[in-house]
Amino acid sequence: MTLRFGTAGTPSTVQGKPAADAVREIHRLGLAALEMEFVHSTWLKADKAPELGKIAKEQDVVLTAHGSYYINLNAKEPEKRAASRGRIVDAARRTFEAGGYSVTFHPAFYFGEPSEKVASVVQGELKKIEKELKEHSVKIWVRPETTGKPTQFGTYEEILKLSEELEMCMPCIDFSHLHARTNGKFNSYEEFSQVLTAVESTLGKEGLKNMHIHTSGIAYGEKGEKNHLMLDESDLRYQELCKAWKDFKLSGVVICESPVMEKDALLLQSTYAKI
Ligand SMILES: [Zn+2]
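Small disclaimer: the values here were computed from a predicted structure and weren't measured.

Peer 1: What am I meant to see in the overall build of the chain here?
Peer 2: Tallying secondary structure elements over the chain gives nine helices and 12 strands in all. Computed over its C-alpha atoms, the radius of gyration of the chain comes to 17 Å, within 12% of the 19 Å expected for a compact globule of 275 residues. Expressed as a percentage of the 275 residues in the chain, the buried residues total 57%. By sequence separation, contacts in the chain at least 24 residues apart represent 79% of the contacts at least 6 residues apart. Within the chain, one finds 36 positive and 39 negative side-chain charges whose respective centroids are separated by 3 Å.

Peer 1: Help me out: how do you make sense of the nonpolar core in this one?
Peer 2: Generally speaking, nonpolar side chains in soluble globular proteins are found buried as a group. In terms of nonpolar packing, the biggest core is built from 72 residues, with L126, F175, L196, W245 and L250 touching the most fellow members. With seven residues, the top contributor of residues to this core is helix α7 (residues 189-208). Once you skip the residues sitting within four places of it in the chain, W245 turns out to touch L3, F5, F175, L196, I213, T215, L250, V254, L268 and Y272.

Peer 1: Hey, could you run me through helix α2 (residues 49-58) in this one?
Peer 2: In an α-helix, one turn spans 3.6 residues; hence positions three or four apart end up facing the same way. Residues A49, L52, G53, I55 and A56 constitute the buried set of α2. Looking down the long axis of α2, one finds its buried residues gathered within 165 degrees of arc, a one-sided arrangement. In α2, those exposed residues whose orientation departs by more than 90 degrees from the buried face are K54, K57 and E58. In this structure, the buried residues of α2 make contact with α1 (19-29), β2 (33-37), β3 (62-66) and α3 (78-97).

Peer 1: Quick question: what am I supposed to make of the environment of A244 here?
Peer 2: Relative to the helices and strands, A244 resides in helix α8 (residues 238-247). On the basis of relative accessibility, which here comes to 0%, the residue A244 falls in the buried class. With 52 residues separating them in the primary sequence, A244 and F192 have C-alpha atoms 6.5 Å apart.

Peer 1: In this structure, what is going on with α7? I would like to understand it.
Peer 2: Look at α7: only 16 Å from first C-alpha to last across 20 residues, short of the 28 Å you get at 1.5 Å a residue. The axis of α7 is deflected most strongly, by about 105 degrees, at T202. Those residues of α7 that sit buried are F192, S193, V195, L196, A198, V199, L203, G207 and L208. On its buried face, α7 is in contact with α5 (156-165), β8 (172-174), α6 (175-181), β9 (211-214) and α8.

Peer 1: What is the right way to look at the environment of C256 in this model?
Peer 2: Take C256: it is sitting in strand β12 (residues 252-256). The buried category is assigned to C256, whose relative accessible area is 0%. For the pair C256 and A56, spaced 200 residues apart in the sequence, the C-alpha separation amounts to 18 Å.

Peer 1: I would appreciate a short explanation of the coordination of the zinc ion in the present structure.
Peer 2: Six octahedral donors around a metal ideally sit at 90 or 180 degrees from one another, while four tetrahedral donors ideally sit at 109.5 degrees. Around the zinc ion, the protein contributes the donor atoms H66 (NE2), H106 (NE2), E145 (OE) and E145 (OE), which lie 2.1 to 2.4 Å from the metal centre. Its four donor atoms give the zinc ion angles of 53 to 142 degrees at the centre, a pattern that matches the irregular case.

Peer 1: Looking at this structure, I do not really get the pairing of β9. What am I missing?
Peer 2: Neither face of β9 is left uncovered, since the one carrying M211 and I213 and the one carrying H212 and H214 both have all their residues buried. Direction of pairing for β8 relative to β9: parallel, over a ladder of three bridges. Within β9, the position partnered with C172 by the bridge is H212. Judged from the four bridges that link them, β9 and β12 form a sheet pairing that is parallel. Residue H212 lies in a different strand from β12, and its bridge partner there is V253.

Definitions and limits used
- Residues numbered from 1 in each chain as written.
- Predicted model: local features only at pLDDT ≥ 70, side-chain atom pairs only at ≥ 80, totals over all residues.
- Heavy atoms only, no water.
- Helix = DSSP H or I, 4+ residues; strand = E, 2+ residues; numbered from the N terminus.
- Rg over C-alpha atoms; globule rule 2.2 N^0.38 Å.
- Buried < 20%, exposed > 50% of the residue type's maximum accessible area, 1.4 Å probe, protein only.
- Contact = heavy atoms within 4.5 Å.
- Lys, Arg positive; Asp, Glu negative; His and termini not counted.
- Charge placed at Lys NZ, Arg CZ, Asp CG, Glu CD.
- Core = buried A, V, L, I, M, F, W, Y, C linked by side-chain atoms within 4.5 Å.
- Arc of directions from axis to C-beta.
- Expected span 1.5 Å × (residues − 1).
- Bend = angle between axes of the 7 residues up to and from the residue.
- Donors = N, O, S within 2.8 Å, 3.2 Å for Na, K, Ca; no water.
- Tetrahedral: all angles 85-135°; square planar, octahedral: opposite > 155°, others 65-115°.
- Pairing = 2+ DSSP bridges.

Have a look at this one:
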């Protein structure tokens, strides 16, 4: 696997069409990955997943998934944490049944608590998730994501530490979120390289060969992310980001969440190819 580029959900050119059409459209556009958006529900049913997986394989499209927005592994009520775990497990199972590669999600909120305390709670919950997935013989990468707001657990250091300590866990590095949560930092070749150096020192070369990345234009302020933008309408230095990806010889998927996703996914892909 090299670096594969794709969209977060159905490309706008086939909006509203079934998932199989989205997969074929990704291939037709010259892209190679599709993230299934399970953000409001895990819409892919168990009996349909293998068929979608077969089409994705034929079209040489790698499937990933974005889990529910209603996840907080640091919720105070045990039943809310259990519901969050259930949503991650469901998304992971469906994605695995469709032959998918990984499932990402925003893990938790701090609620004003220190990073170490939240990290240990999140790690405990992720251990339970791993146990349940193993019981169902589900093999998939479970990827807490770097998040876009300073109130959300998910600096790259926090995410890498979880990945180091848990067996099925690897990071989803959302470079736009890192840029937004720090109100404009993480926007140079040096800073992008700093993140990738940390991936390598925590997870080894293997970490660089097993990447799940999110990148799009983003609007932000002191409270972090506001909304996604087209890359060329944003201040994200994506050319420098692509150069860092190339220099660190990454493999994995790059998913684009810009308003016209396929346009920016293709822009990232061609920028990357030209370096
Ligand atoms: Zn996300």
